Amino acid sequence: MARRNEERVMSTEKKIALISGANKGIGFETARQLGKQGITILLGARDLAKGQAAAEQLKKEGVDARAVKLDVVKPDDVKAATESVANEFGKLDILINNAGVMLEPIGGNTTTTVSEETLRDTFETNFFSAVSMTNAFLPLLKKSDAGRIVNVSSILGSLALHAAEGSPIYEAKALAYDASKAALNAYTIHLAHDLKGTKIKVNSAHPGWVKTDMGTDAAPMEIVDGAKTEVQLATLGADGPTGGFFHLGEAISW
Ligand code: NDP
């Protein structure tokens, strides 16, 4: 019994990170980079088999990685994941709301062509699920000495840059995706305000335009670099920012 308690104390001293949509892409690489810092990684995946394969890969690289069945738009999955983290670790140090979808093409007259279904489905994953995941895990994040929440947004969520003719994203309009990430950014600001005076920091990340299934091969950034912003914001020190929007340490216009 004493030994089991000892093991539990030892395990809770290690940092625990949960990353949604971590079976591939930027989420998977973020898991790898955080795991190599000695952080225990819970790889969220809506398809458990894909999550397990990803966890096996990371274990071979020396990372303490475990797969968690987590479709972020399914309340039962979120509840089960919360209970399992509570039972096994009793806290969560890092929550990365990374799962995301882009269901429409970029560019063109997307305000008139995008379907209401696409708008709703995009918001469900990119915005509402980040709110419900955060609400579910907040009690466990409050038990951490230094809780960190990273909302994986996009420069395409920047209202200021979309409004500025000539900005790098001015022509890259995709209403459902862009608006969902702008809403996510609003959530970051509001949540940071709510969490003022706590040890928890929350920030929005723009990974860059990254070579993934979403970013396509046309993207200029390799995944190894695309994960860096999430990793930085997940491991901010006590003097780090909260309520900001960053890409590789540089602030981005809201
Ligand atoms: P990928 O398409 O490679 O990966 C997306 C991940 O999200 C997959 O693991 C996918 O799971 C998962 N996912 C989607 N819906 C759900 C859901 N309902 N529940 C759980 N997981 C889900 O994309 P990226 O790695 O490129 O994107 C990661 C994040 O970075 C996203 O939030 C994206 O918007 C953002 N981003 C990406 C950019 C880029 O250039 N790549 C640029 C700016 C932001 P599955 O494998 O089952 O589909």
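Residues numbered from 1 in each chain as written. Predicted model: local features only at pLDDT ≥ 70, side-chain atom pairs only at ≥ 80, totals over all residues. Heavy atoms only, no water.

*Asks:* Any chance you could explain the site of the ligand here in plain terms?
*Replies:* Contacts to the ligand come from 29 residues, most closely from R46, N98, Y177, V210 and T212. N23 has a polar side-chain atom sitting 2.9 Å from an oxygen atom of the ligand. Taking D71, its side chain carries an N or O atom lying 2.9 Å from a nitrogen atom of the ligand. Looking at the shell around the ligand, the elements with two or more residues in it are α2 (25-35) and α8 (175-194). In terms of residue class, the shell around the ligand is made up of 12 nonpolar, 12 polar and five charged. (Near = heavy atom within 4 Å. Polar contact = N/O pair within 3.5 Å; in protein donor to acceptor, adjacent residues only side chain to side chain. Helix = DSSP H or I, 4+ residues; strand = E, 2+ residues; numbered from the N terminus. Nonpolar A, V, L, I, M, F, W, Y, C, P; charged D, E, K, R; others polar.)

*Asks:* What is the right way to look at the layout of surface pockets in this model?
*Replies:* Where empty space is left becomes clear once a probe the size of a water molecule has been rolled over the atoms. If you add up the space inside the largest pocket, you get close to 1200 Å³. If you trace the largest pocket, you find 48 residues lining it, with G100, Y177, T212, M214 and G215 closest to the centre. Elements with a minimum of two residues in the lining of the largest pocket: α2, β2 (40-45) and α8. Per-element tally for the lining of the largest pocket: the top contributor is α2, with three residues. (1 Å grid on protein atoms, 1.4 Å probe; cavity = no way out; pocket = protein on both sides within 12 Å on 5 of 7 lines; lining within 4 Å. Points joined across faces, edges and corners; volume = space filled by probe spheres on them.)

*Asks:* Explain the side chain of N126 here, please?
*Replies:* Structurally, N126 can be placed in helix α6 (residues 116-141). Engagement of the side chain of N126 in a polar contact is seen with the side chain of S180, the distance being 3.2 Å. Apart from residues lying up to four places away in sequence, N126 is in contact with A99, G100, V101, Y177, S180, K181 and L184. (Contact = heavy atoms within 4.5 Å.)

*Asks:* I would appreciate a short explanation of unusual backbone geometry in the present structure.
*Replies:* Peptide bonds are, in most cases, trans, and in most cases residues other than glycine have a negative phi. Backbone geometry places T216, a non-glycine residue, at a positive phi of 70°. When you line up the elements, T216 lands in the loop between β6 (201-205) and α9 (223-226). Residue classification places T216 among the partly exposed residues on the basis of a relative accessible area of 38%. Even without a glycine there, the phi angle at L248 is positive, about 45°. Note on placement: L248 falls in the loop between β7 (245-247) and β8 (250-251). What makes L248 partly exposed here is its relative accessible area of 35%. (Buried < 20%, exposed > 50% of the residue type's maximum accessible area, 1.4 Å probe, protein only.)

*Asks:* Even after reading the chapter, I still don't get the nonpolar core, so can you show me in this structure?
*Replies:* The tendency in soluble globular proteins is for nonpolar side chains to be buried side by side. With 31 residues, the main nonpolar core has L18, L70, L92, M133, F137, L141 and I149 as its most contacted residues. Of all the secondary-structure elements, those providing two or more residues to this core are β1 (16-19), α4 (75-88), α6 and α8. For this core, the element with the highest residue contribution is α6, accounting for nine residues. Setting aside its immediate chain neighbours within four residues, L70 contacts L18, G44, A45, R46, D77, V78, A81 and M133. Of all hydrophobic cores here, the second largest spans 24 residues; its members include A22, A55, I94 and L236. (Core = buried A, V, L, I, M, F, W, Y, C linked by side-chain atoms within 4.5 Å.)

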